[in-house]
Amino acid sequence: MTDTEATPAGDETLEQQLEEMLEIETFDPPESFVEHALLSDSAVYEEADADWKGWWVKQAKELHWFTEPTKDLNDSDPPFYKWFEDGKINASYNCVDRHVEAGNGDRVAFYWHGEEGESREITYADLHRDVQKFANALKDLGIEKGDVVGIYLPMIPEVAVAMLACARIGAIHNVVFGGFSADSVKERMEIAEAKALVTVDGARRKGKTAPVKQQVDKAVSDLDSLKHIVVVQATNADCEMQDGRDVWYHEICDAADDECPAEELEAEHPLYILYSSGSTAAPKGILHTTGGYLTGVAATHRYVFDLKPESDVYWCSADVGWVTGHSYIVYGPLANGATSVMFEGAPDYPHKGIWWELCEKYKVTLFYTAPTAIRACMKWGVEHVEKFDLSAMRLLGSVGEPINPKAWLWYYKVIGGERCPIVDTWWQTETGAIMITPLPGIVSTKPGSATRPFPGIEADVVDESEGKPIDEGQGLLVVTRPWPSMLRTLYKDDERFIETYFSKFGKETYLVGDAARKDEDGYFWIIGRIDDVVNVSGHRLSTAEVESAIVSHGKVAESAVIGQADEDVGQAICAFVTLEGETEGTDELVEEIRARVGDRIGKFARPKRIIWADDLPKTRSGKIMRRLLRDVAEGKALGDVTTLRDPDVMQQLEGKIKEEQASEQ
Ligand code: WT7
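Residues numbered from 1 in each chain as written. Predicted model: local features only at pLDDT ≥ 70, side-chain atom pairs only at ≥ 80, totals over all residues. Heavy atoms only, no water.

Turning our attention to the pattern of salt bridges. Applying the stated criterion across every chain, the model contains 46 salt bridges. Residue Glu 158 is joined to Arg 120 by a salt bridge in which the shortest nitrogen-to-oxygen separation is 3.8 Å. Pair noted here: Glu 158 is in helix α7 (residues 157–169) and Arg 120 is in strand β5 (residues 119–123), with a separation of 38 residues, a long-range link. The class of Arg 120 is partly exposed, set by a relative accessible area of 38%. As a salt-bridge pair, Asp 222 and Lys 186 come within 3.5 Å of each other at their nearest N and O atoms. Here the residue Asp 222 occupies a position in the loop between α9 (212–220) and β11 (228–232), and Lys 186 occupies one in helix α8 (residues 182–192), the gap between them amounting to 36 residues. (Salt bridge = Lys/Arg side-chain N within 4 Å of Asp/Glu carboxyl O. Helix = DSSP H or I, 4+ residues; strand = E, 2+ residues; numbered from the N terminus. Buried < 20%, exposed > 50% of the residue type's maximum accessible area, 1.4 Å probe, protein only.)

So, about the packing of α7 against helix α12 (residues 323–335). Where α7 meets α12, the closest approach of the two axes is 11 Å, and the angle between their N-to-C directions is 60 degrees. It follows that α7 is oblique to α12 by the angle criterion. By crossing handedness, the relation of α7 to α12 is classed as right-handed. Of the residues in α12, those touching α7 at Ala 160, Met 163, Leu 164 and Ala 167 are His 326, Val 330, Tyr 331 and Leu 334. Classifying every residue of the contact of α7 with α12 by side-chain character gives 7 nonpolar, 1 polar and no charged. (Axes fitted to C-alpha atoms, helices over the stretch in contact; angles between N-to-C directions. Parallel < 35°, antiparallel > 145°, perpendicular 65-115°, else oblique. Left-handed = near helix turned anticlockwise from the far one by under 90°. Contact = heavy atoms within 4.5 Å. Nonpolar A, V, L, I, M, F, W, Y, C, P; charged D, E, K, R; others polar.)

Next up on the list: the domain arrangement of the protein chain. Examined at the domain level, the protein chain breaks down into domain 1 (11–62 + 287–529), domain 2 (122–263) and domain 3 (533–664). The centre of domain 2, based on its C-alpha atoms, is set 37 Å off from the matching centre of domain 3. In this assembly, 7 residues from domain 2 lie in contact with 9 residues from domain 3. Between domain 2 and domain 3, roughly 490 Å² of surface is buried when both sides are summed, and carbon and sulfur atoms account for 50% of that area. Among the residues domain 2 hides against domain 3, the three largest losses belong to Phe 180, Ser 181 and Asp 183. Together they make up 57% of the total. Summed over the shared surface of domain 2 and domain 3, the number is 1 salt bridge. When the shortest N-O distance is used, the salt bridge between Glu 545 and Arg 188 registers 3.8 Å. Linking domain 2 with domain 3 are 5 residue pairs in polar contact (both at pLDDT 80 or more). Class assignment of the residues belonging to the side of domain 2 that touches domain 3 gives a composition of 2 nonpolar, 3 polar and 2 charged. (Domains from an automatic or database assignment. Buried area = accessible area lost by both parts, 1.4 Å probe. Polar contact = N/O pair within 3.5 Å; in protein donor to acceptor, adjacent residues only side chain to side chain.)

Quick look at the site of the ligand now. Looking at the ligand, there are 17 residues lining it, with Asp 424, Thr 425, Thr 429, Asp 514 and Arg 540 nearest. Glu 401 is positioned with one of its backbone polar atoms (N or O) 3.4 Å from a nitrogen atom of the ligand. Taking Gln 428, its side chain carries an N or O atom lying 3.0 Å from an oxygen atom of the ligand. Its free accessible area being 560 Å², the ligand has 96% of it covered by the protein chains. Only α12, β20 (422–425) and β25 (524–529) provide two or more residues apiece to the shell around the ligand. When its residues are assigned to classes, the shell around the ligand shows 6 nonpolar, 6 polar and 5 charged. (Near = heavy atom within 4 Å. Areas by Shrake-Rupley, 256 points an atom, 1.4 Å probe, with all protein chains shown as cover.)

Here we take up the sheet that holds strand β18 (residues 366–369). If you trace the 7 strands from one edge of the open sheet to the other, you get β5-β4-β17-β16-β18-β19-β20, paired in mixed fashion. Looking along the sheet, the strands with just one partner apiece sit at the ends: β5 and β20. Each adjacent strand pair in this sheet contributes to an overall mean axis angle of 20 degrees, direction not counted. With 2 bridges connecting them, strand β16 (residues 314–316) and strand β17 (residues 340–343) associate as parallel partners. Bridge assignment links Trp 315 to a residue of β17, and that residue is Val 341. (Pairing = 2+ DSSP bridges.)

So, about the sheet that holds strand β8 (residues 196–200). Remark on secondary structure: sheet strands pair via backbone hydrogen bonds, oriented parallel or antiparallel. Here we have 8 strands laid out as an open sheet, ordered β12-β11-β8-β6-β7-β14-β15-β23, and mixed in their pairing. Two strands lie at the open edges of the sheet, namely β12 (246–248) and β23 (489–490), each paired on one side alone. Where strand β6 (residues 148–152) meets strand β7 (residues 172–175), 4 bridges bridge the pair, whose relative direction is parallel. Bridge pairing in β7 links Ile 151 to Val 175. Across the sheet, α7 lies against β6, β7, β11 and β14 (270–276), angled at about 175 degrees from β6, the strand it touches most.

Let's shift gears to the side chain of Thr 290. Mapped onto the elements of the fold, Thr 290 is located in the loop between β15 (284–289) and α11 (291–304). Of the residues examined, Thr 290 reaches a relative accessible area of 1% and is grouped as buried. In this structure Thr 290 touches Ile 89, Ala 91, Glu 266, Ala 267, His 269, Pro 270 and Leu 271, once residues within four positions along its chain are discounted.

For strand β4 (residues 108–113), the tally of buried residues reaches 6 of 6 residues, placing the bulk of the element in the interior. In this structure, β4 lies alongside β5, joined through 5 bridges in antiparallel fashion. Looking at β5, one finds that Tyr 111 is bridged to Glu 121. If you look at the hairpin formed by β4 and β5, you'll find 5 residues sitting between the two strands, and Gly 117 has a positive phi there, around 95 degrees. Where β4 meets β17, 4 bridges bridge the pair, whose relative direction is parallel. In the sheet register, Trp 112 faces β17, and the bridge partner there is Met 342.

The subject of this paragraph is the environment of Leu 644. By the secondary structure assignment, Leu 644 is in the loop between α20 (626–633) and α21 (648–664). Using a relative accessible area of 1% as the deciding quantity, one classes Leu 644 as buried. Sequence separation between Leu 644 and Lys 618 is 26 residues, and the spatial gap between their C-alpha atoms is 5.6 Å. In this structure Leu 644 touches Pro 617, Lys 618, Thr 619, Arg 620, Met 625, Leu 628 and Met 650, once residues within four positions along its chain are discounted.

This is how it looks when you write it as structure tokens:
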């Protein structure tokens, strides 16, 4: 590694220092880190490759099994793989009981910190008590093994309790991120036929309280499959309780028995469904099962974060409603007996240094966040960081989108004090666990690259047409071996599962949906999605989903949505909208359309930019040419438009963009 300490700090601005650091290609793991790392010998990669199924069996054995599996992988019916199928296991038992039985009941599982400065310490013994109570309460409501239970909660400890309580009795949880609208909740409860929904009276955000239960009521009133709504009293926001359907969380827990032994479940018993966006408007119900998933998240959490559960304080800043929260706030860390920070609020409330204040307060050692958050912090300025002591920090992680080298270096220098390795972790809701990542005590990092597959994982970059591995240039990212935490199917839609992931290159090659390249050292560089999925602040959205929300507005005839490169959020939603008849595009209409998308999907999905279009560029077969829309939105010169049904459309759009730019100046 180049000698960055030798730069005369003080004489230079941070900006200049970062510019200079851009010259550095690789960063070796700091020696002080390697010395104590769980894994520091690169032989682990060869060991795992030589017997990859055996390697995963070894990881599975770190878990508690009621019945140890004798089988590793069943690949007799690809792409429907089964792992450890004759084993019996329970995720809640592994995340809670095991630690209490080992005498670690007093260890803090979560340091919860509320928006208004409240704090709660939840030990493993507390979790054990609360999870059993709520599991019994669910049973008392008639929830049985295999039933689907929706969870729509903010970042409060009850969200983890609810998930674990479901896992305990073999109910399948279906968490909906709190940022999604009540309409989205309804859609997701309906397709999964959820019997119960756990939600809150209200949720706090930056000093305000949003009435969650009221909104939910409006959306789910005609949902027959939903028999119960359990309401956590979190804010005292106004809400009506419907007799026979709605119950208070605290009341049913009080009434429930204390003890609820964890069900002995088959390894392939479904653990959860998590809806994620795909190429079409209908979200995909990604299904994860128990034994393999837990094996994957526990092993990756331990080795990627180099977790020492007795001494580390770990913080993943994601929301539990996304897969990052499922795998790296709940299941991975708890299976490993980690102590975590859980924060209710936004990174800039009550002030822009709150994350770092909490890192100091809880002496956080391992921190995991998204590039979009890092870029926001860069913008706010180092003064918000420098007020706090981050000397306990020893490792930093990034996830959700490619991290630009500048943000990587800022993170490394300002947050990590140039002594913490950065793990840029590539994975997906579908993969369940981290797939491509450095092992921090072994792999030298290059800013912007997720480096190499985790031991046991095999990935490649292949050419679009034949699926042959390519050594140079950009291609499609694929995973070429099954892995324990892989999705098992799309809930009740095996066909879409095969079609989406296992049709392009056959049933044994998982098509990721990302473009990537490999460099001369075999490092992977993820470029971005190849499908119509947009990544806004690490939140995955399908353009079709946003389009369908926009056209649900009565005055809209047609819409095409693209993701546009954006400094702050990675990709921003830009919508081309054709209005009905003679309707004029007004500012008021812009707001109406944005509000409509907010109601249909969630506020984070609202278009940043709306461009009125007389018509959209279409091929003769009627397919919208998004590539042209992307070019025109970015003010690029237009290439070949001769395949368009009506080439004049593009001129009109170019004119609009010019007008827009002129009026901004
Ligand atoms: C998509 C998956 C995995 C948790 C968060 C998102 C992009 C994710 C990285 C990374 C470059 C990344 C990919 C992927 N992505 N991590 N480290 N570098 N891109 O989960 O919503 O399922 O989205 O996020 O495009 O396909 P998700």
